[in-house]
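Structural features, examined
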Amino acid sequence: MNTQAGERQTGRQAQISNITAAKTVADIIRSCLGPKAMLKMLLDPMGGIVLTNDGHAILREIEVAHPAAKSMIELARTQDEEVGDGTTTVIILAGEILALSLPQLERNIHPVVIIQAFKRALADALDIIQDTSIPVDVHDDAVMRDLISTSIGTKFTSRYSNLMCDLALQAVRTVSHDAGGGKQEVDIKRYARVEKIPGGEIEESCVLDGVMLNKDITHPKMRRRIENPRIVLLDCTLEYKKGESQTNIEISKEEDWNRILQIEEEQVQAMCDSIIAVKPDIVITEKGVSDLAQHFLMKHNITALRRVRKTDNNRIARATGATIVNSVYDLTEKDVGTQCGLFNIEKIGDEYFSFLTKCKTPKACTILLRGPSKDILNEIDRNLLDAMSVARNVLFHPYLSPGGGATEMAASVRLAQKAKGVEGVQQWPYRAIADAMEVIPRTLIQNAGASPIRILTQLRAKHAEQAAGVCSWGVDGDLGKVVDMKELGVWEPQAIKLQSVKTAVESACLLLRVDDIVGAKSAQQGRAGGGGEDE
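- In the annotation of an unreviewed UniProt entry, the entry for the chain reads T-complex protein 1 subunit gamma, and the organism field reads Hortaea werneckii.
- According to the UniProt record, the Subunit (unreviewed entry) comment for the chain is "Heterooligomeric complex of about 850 to 900 kDa that forms two stacked rings, 12 to 16 nm in diameter."
- UniProt annotates the chain under Subcellular location (unreviewed entry) with the comment "Cytoplasm".

Given below as structure tokens:
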């Protein structure tokens, strides 16, 4: 171990440095919690700007050197991937738990004991969260809208929360289908495409019951509006197939040359004929369409779109019931998609877009977002993703917990009561978790600009009165008052709460276990020695 490098922190010093790092990260994000949240403006190295208050988006952009801080940022990522919302909550909770474990270390309680107590408190906290939750009916629109609006209420788009909720709900419901075996599959990433087109007003955003492509037709004379089209999806080129490697043909007679050209035409024609045989109205291919093929398709009044993205093609297949065919000659009647009600091409801004809409039972959709500028659209997109993942979580895990810090407060008060029954030294760290849970309502109150001490005391009293069951008193993030969340209609999916508490406590335990930070020695530049090293 190279000690004179000075890159080594041991024991208490290492723990303290980890805790400070974690607290710093938490403080960055602290002002981003709740409906009165502030936005952060981040400059990325390319000179672009990101405007957001989504915890995960902020942390992704921040450059951090400290290892503990890096692990905190990892937290936000896992939370974002697992449940999609509650990224800010996780970081703040973890930071607070670590901050409160500092006094425990100063009391010379061994970190392992602290961790045991934390684990125990975590198990109890999860039971308490389960206890304060209520089951939800996934098909009740009003409840689902409340739920999603809670997720959006803390974001930039809260002004349009109804619109956003409807977009998210509609998208998730469209995409969800039974994967067999009683399991539901909701693949937002693949089948709910968000298309952002700057211009227009945010109110014009909508979920299309079908797919939209950023494509125009290949030939100007083709039809631009077809009702109930028959759609063929191809994965092959409509061009003359040339030899794979360089093919040389030696020609002795002039007629042969004409014959070769003729063969090319005949091949293209054969391709087009086999397409025309199933009488489609639209041919969509992922590859190119030659001019000749366009001509043949034109004659039969068939519209062609070329070079469509593979993902888009999959989406069209899901929406219209067509099968993607790899060879033109295998086309059969059942590969033709007939479930689309309308094909039309519109000009939005200065680009042409093809719409395949009015599908009967679309299993894929496109969400069309309009807005004043790129930055705003990106932020709306992020918020919408959060909203969709909230809707998805509820479909999988239909329990609700009261929002507005109510769940955390209930956990805090009940853990504090249970702490009295914990024997020995473990009682202190157990209490620390109880106190740490208060950070969420406290931050909400601070962000709303009210007095934390007075309102937290009121809130604590409310929760202490009701020691079991659903106690839904929380903080109204707009006014900073103590409100019953049932009346306010602020609910969050229980999955988010469980996940955030688990992640926060686990990570705090992980960072407390560290008692030695050793910096790896940096590679010396320009090493002396002959050029014989194989590097």
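**Quick word on the overall build of the chain**
- When helices and strands are tallied, the chain shows 18 helices and 22 strands.
- For the chain, the C-alpha radius of gyration of 30 Å lies well beyond 24 Å, the compact-globule estimate for 535 residues.
- Considering only C-alpha atoms, the chain reaches an extent of 100 × 75 × 45 Å along its principal axes.
- In the chain, buried positions account for 51% of the 535 residues.
- A fraction of 75% describes how many contacts in the chain between residues 6 or more apart in sequence connect residues 24 or more apart.
- Put simply, the chain shows about 25600 Å² of open surface, and 50% of that area lies on carbon and sulfur atoms.

**Some remarks on a nonpolar patch on the surface**
- Taken together, the side chains of Ile 249, Ile 251, Trp 257 and Leu 261 define a hydrophobic patch exposed on the protein surface, amounting to about 390 Å² of accessible area.
- With respect to the helices and strands, Trp 257 occurs in helix α9 (residues 254-276).

**Overview of the nonpolar core**
- Of all hydrophobic cores here, the largest spans 81 residues; its most connected members are Leu 238, Ile 284 and Ile 367.
- Here the element with the most residues in this core is helix α12 (residues 374-396); it accounts for nine residues.
- Residue contacts for Leu 238: discarding those within four places in its chain leaves Met 271, Ile 275, Val 283, Gly 288, Val 289, Ser 290, Ala 293, Leu 297 and Val 328.

**Details of the pairing of strand β16 (residues 351-357)**
- The buried count for β16 comes to five of seven residues, which makes it a mostly enclosed element.
- The sheet contact formed by strand β9 (residues 211-213) and β16 spans three bridges and is antiparallel. Across the sheet, Leu 213 pairs through a bridge with Ser 354, a residue of β16.
- Connecting strand β15 (residues 342-348) to the antiparallel partner β16 that follows it, the hairpin turn spans two residues, and Gly 349 within it adopts a positive phi of roughly 65°.

**Regarding the pairing of strand β3 (residues 49-52)**
- What you see with β3 is a clean split: Val 50 and Thr 52 sit on the buried side and Ile 49 and Leu 51 on the side with no burial.
- Pairing of strand β2 (residues 40-43) with β3, which is carried by four bridges, proceeds in the antiparallel orientation. Residue Leu 42 lies in a different strand from β3, and its bridge partner there is Val 50.
- The antiparallel pairing of β2 with β3 creates a hairpin that spans five residues between the two strands, and Gly 47 there sits at a positive phi of about 95°.

**Regarding the pattern of salt bridges**
- As enumerated under the stated definition, the model contains 22 salt bridges in all.
- One salt bridge connects Arg 193 with Glu 195, and the closest N-O pair in it is separated by 3.3 Å.
- On the basis of relative accessible area, Arg 193 is assigned to the partly exposed category, the value being 24%.
- Across the pair Lys 497 and Glu 408 runs a salt bridge whose closest N-O atoms are separated by 3.1 Å. With Lys 497 in helix α18 (residues 494-513) and Glu 408 in helix α13 (residues 406-419), this pair connects stretches of sequence that are 89 residues apart.
- The exposure class assigned to Lys 497 is buried, which follows from its relative accessible area of 5%.
- By sharing partners, the salt bridges in this structure join Asp 27, Arg 30, Glu 96 and Arg 442 into a single network.

**Digging into α13**
- For α13, built from 14 residues, the straight-helix expectation of 20 Å at 1.5 Å per residue is met to within 8% by its first-to-last C-alpha distance of 20 Å.
- Within α13, eleven of the 14 residues are buried, which leaves the element mostly enclosed by the surrounding structure.
- Among the residues of α13, Ala 406, Thr 407, Glu 408, Met 409, Ala 410, Ala 411, Ser 412, Val 413, Arg 414, Leu 415 and Ala 419 are the ones counted as buried.

**Here's the deal with the sheet that holds β15**
- With antiparallel pairing, four strands are arranged side by side in an open sheet as β9-β16-β15-β10. The open sheet has two edge strands, β9 and β10 (225-227), and neither has a second partner. Put simply, the sheet's adjacent strands are angled 25° from each other on average, direction ignored.
- Across three bridges, β10 lies against β15 in antiparallel orientation.

**So, unusual backbone geometry**
- One non-glycine residue, Lys 279, adopts positive backbone phi at about 50°.
- Tracing the sequence through the fold places Lys 279 in the loop between α9 and β12 (282-285).
- Residue Lys 279 is classed as exposed on the basis of its relative accessible area, which comes to 63%.
- Positive phi values are uncommon outside glycine, yet Lys 358 reaches one of about 55°.
- Inspection of the secondary structure assignment puts Lys 358 in the loop between β16 and β17 (365-371).

**Regarding the packing of α13 against helix α14 (residues 427-436)**
- Viewed as axis vectors pointing N to C, α13 and α14 meet at an angle of 165°, and their least axial separation amounts to 8 Å. When the axes of α13 and α14 are compared, the pair comes out roughly antiparallel. Relative to α14, the crossing made by α13 is left-handed. Contacts from Ser 412, Leu 415, Ala 416, Lys 418 and Ala 419 in α13 reach Gln 427, Tyr 430, Arg 431, Ile 433 and Ala 434 in α14.
- Partitioned by chemical class, the residues of the contact of α13 with α14 number six nonpolar, two polar and two charged.

**So, helix α4 (residues 87-106)**
- Spanning 20 residues, α4 covers 30 Å between terminal C-alpha atoms, matching the ideal 28 Å at 1.5 Å per step.
- Most of α4 sits out of view: 17 of its 20 residues are buried.

**Quick word on the domain arrangement of the chain**
- When the domains of the chain are assigned, the result is domain 1 (7-135 + 403-519), domain 2 (137-206 + 362-397) and domain 3 (211-242 + 259-356).
- Between the C-alpha centres of domain 1 and domain 2 the distance comes to 27 Å.
- Of the roughly 1700 Å² buried where domain 1 meets domain 2, counting both sides, 49% is carbon and sulfur surface.
- Broken down residue by residue, the surface that domain 1 buries against domain 2 is led by Asp 85, Trp 491 and Pro 493, which jointly contribute 24%.
- Inspection of the domain 1/domain 2 interface yields zero salt bridges.

**Quick notes on the packing of helix α5 (residues 111-131) against α13**
- Contact geometry of α5 with α13 gives a least axis separation of 9 Å together with a crossing angle of 130°. As the angle between them shows, α5 and α13 are arranged oblique. Every pair of crossing elements has a handedness; the one defined by α5 and α13 is right-handed. Across from Ala 121, Asp 124, Ala 125, Ile 128, Ile 129 and Asp 131 in α5, the residues of α13 making contact are Thr 407, Ala 410, Ala 411, Arg 414, Leu 415 and Lys 418.
- Across the contact of α5 with α13, the residue classes tally to seven nonpolar, one polar and four charged.

About the criteria used
- Residues numbered from 1 in each chain as written.
- Predicted model: local features only at pLDDT ≥ 70, side-chain atom pairs only at ≥ 80, totals over all residues.
- Heavy atoms only, no water.
- UniProt positions renumbered as here; feature names shortened; annotations may be inferred.
- Helix = DSSP H or I, 4+ residues; strand = E, 2+ residues; numbered from the N terminus.
- Rg over C-alpha atoms; globule rule 2.2 N^0.38 Å.
- Buried < 20%, exposed > 50% of the residue type's maximum accessible area, 1.4 Å probe, protein only.
- Contact = heavy atoms within 4.5 Å.
- Areas by Shrake-Rupley, 256 points an atom, 1.4 Å probe, with all protein chains shown as cover.
- Patch = residues over 30% accessible without salt bridge, like charges linked within 9 Å, V, L, I, M, F, W, Y side chains within 5 Å.
- Salt bridge = Lys/Arg side-chain N within 4 Å of Asp/Glu carboxyl O.
- Core = buried A, V, L, I, M, F, W, Y, C linked by side-chain atoms within 4.5 Å.
- Pairing = 2+ DSSP bridges.
- Expected span 1.5 Å × (residues − 1).
- Axes fitted to C-alpha atoms, helices over the stretch in contact; angles between N-to-C directions.
- Parallel < 35°, antiparallel > 145°, perpendicular 65-115°, else oblique.
- Left-handed = near helix turned anticlockwise from the far one by under 90°.
- Nonpolar A, V, L, I, M, F, W, Y, C, P; charged D, E, K, R; others polar.
- Domains from an automatic or database assignment.
- Buried area = accessible area lost by both parts, 1.4 Å probe.

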